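# Summary of the model geometry
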Amino acid sequence: MKELSLNILDIAQNSFAVGAPNTSVVLDETDDTLRITVSDDGCGMSPETLKKVSDPFFTTRTTRKVGLGIPLFRLAAEQTGGYVNIKSSQSGKDRGTVTEGLFYKKHIDFTPLGDIVSTVCSMMQGCGENNLLFVHRINGKEVRLDSRELRSVLGDIPLSVPEVQQWIRGYLEQQYDEIKNNNI
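Attention here is on the structure that accompanies the text.

Reading guide: rules and limits
- Residues numbered from 1 in each chain as written.
- Predicted model: local features only at pLDDT ≥ 70, side-chain atom pairs only at ≥ 80, totals over all residues.
- Heavy atoms only, no water.
- Pairing = 2+ DSSP bridges.
- Helix = DSSP H or I, 4+ residues; strand = E, 2+ residues; numbered from the N terminus.
- Axes fitted to C-alpha atoms, helices over the stretch in contact; angles between N-to-C directions.
- Contact = heavy atoms within 4.5 Å.
- Buried < 20%, exposed > 50% of the residue type's maximum accessible area, 1.4 Å probe, protein only.
- Core = buried A, V, L, I, M, F, W, Y, C linked by side-chain atoms within 4.5 Å.
- Expected span 1.5 Å × (residues − 1).

### Side note on the sheet that holds strand β1 (residues 22-29)
Read across the sheet, six strands follow the order β3-β4-β2-β1-β5-β6 without closing on themselves; strand pairing throughout is mixed. Looking at the sheet topology across the chains shown, the edges are occupied by β3 (83-89) and β6 (141-146). Averaged over all pairs of adjacent strands, the angle between strand axes in this sheet comes to 10°, irrespective of strand direction. Across seven bridges, β3 lies against strand β4 (residues 96-104) in antiparallel orientation. Bridging across to β4, S89 finds its partner in G96. Across the sheet, helix α4 (residues 116-126) is in contact with β1, β5 (131-138) and β6; its angle to β5 comes to roughly 165°.

### Observations concerning α4
Along α4, the residues classified as buried are I116, V117, T119, V120, C121, M123 and M124. Those residues of α4 that are buried are in contact with α1 (4-17), β1, β5, β6, α5 (147-154) and α6 (162-182). The positive-phi residue at the C-terminal boundary of α4 is G128, with phi of around 60°.

### Considerations on the nonpolar core
Counting 41 residues, the largest nonpolar core has L27, I36, F103, M123, F134 and L172 as its most contacted members. When sequence neighbours within four positions are dropped, the list of residues in contact with L172 reads V117, V120, C121, F134, V143 and L145.

### As for α1
Compared with the 20 Å implied by 1.5 Å per residue over 14 residues, the 20 Å span of α1 between its first and last C-alpha is a close match. Counting buried residues in α1 gives 10 out of 14 residues, a clear majority hidden from the surface. L4, S5, N7, I8, L9, D10, I11, A12, S15 and F16 are the residues of α1 that are buried. Looking at the packing, one finds that the buried side of α1 touches β1, β2 (33-40), α3 (69-78), β4, α4 and β5.

Shown next as structure tokens:
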């Protein structure tokens, strides 16, 4: 994938597809590193599935025979000297999956984050009734959006309504602009 934001979208969509009630996407960014963590409290993966998840010829989807999301995410991290760790449990209080990738931004092979605003809008549109928390910390400052807070204001209006999507985009852009303007 040409942008890390597309990897984030792919991993989050997997959480939504298995019906995870809560998914969080947290980006911790410094001048040197980008740590991406996608976690959910869904059904988790069996130890056998967890071992296979990085194999591009393994997928649980019935619509295709390959699963390139995690392998490409891992490749993007490792080619910068970083890593991807995946933890998953099918029971107990730790039930769900946590996917964490560390990327070294100054490496020549660093894949750019890309259009994270559009990605978050797509995730909010696609999360359905599930909860999504997005946090992007940039050198100690924070962009944040929580579907639970949006729903508490919107009531029965879905997050996928075009006017809501337009507001979400503007709200995220405003937060990123404030961080950018404070760093000048």
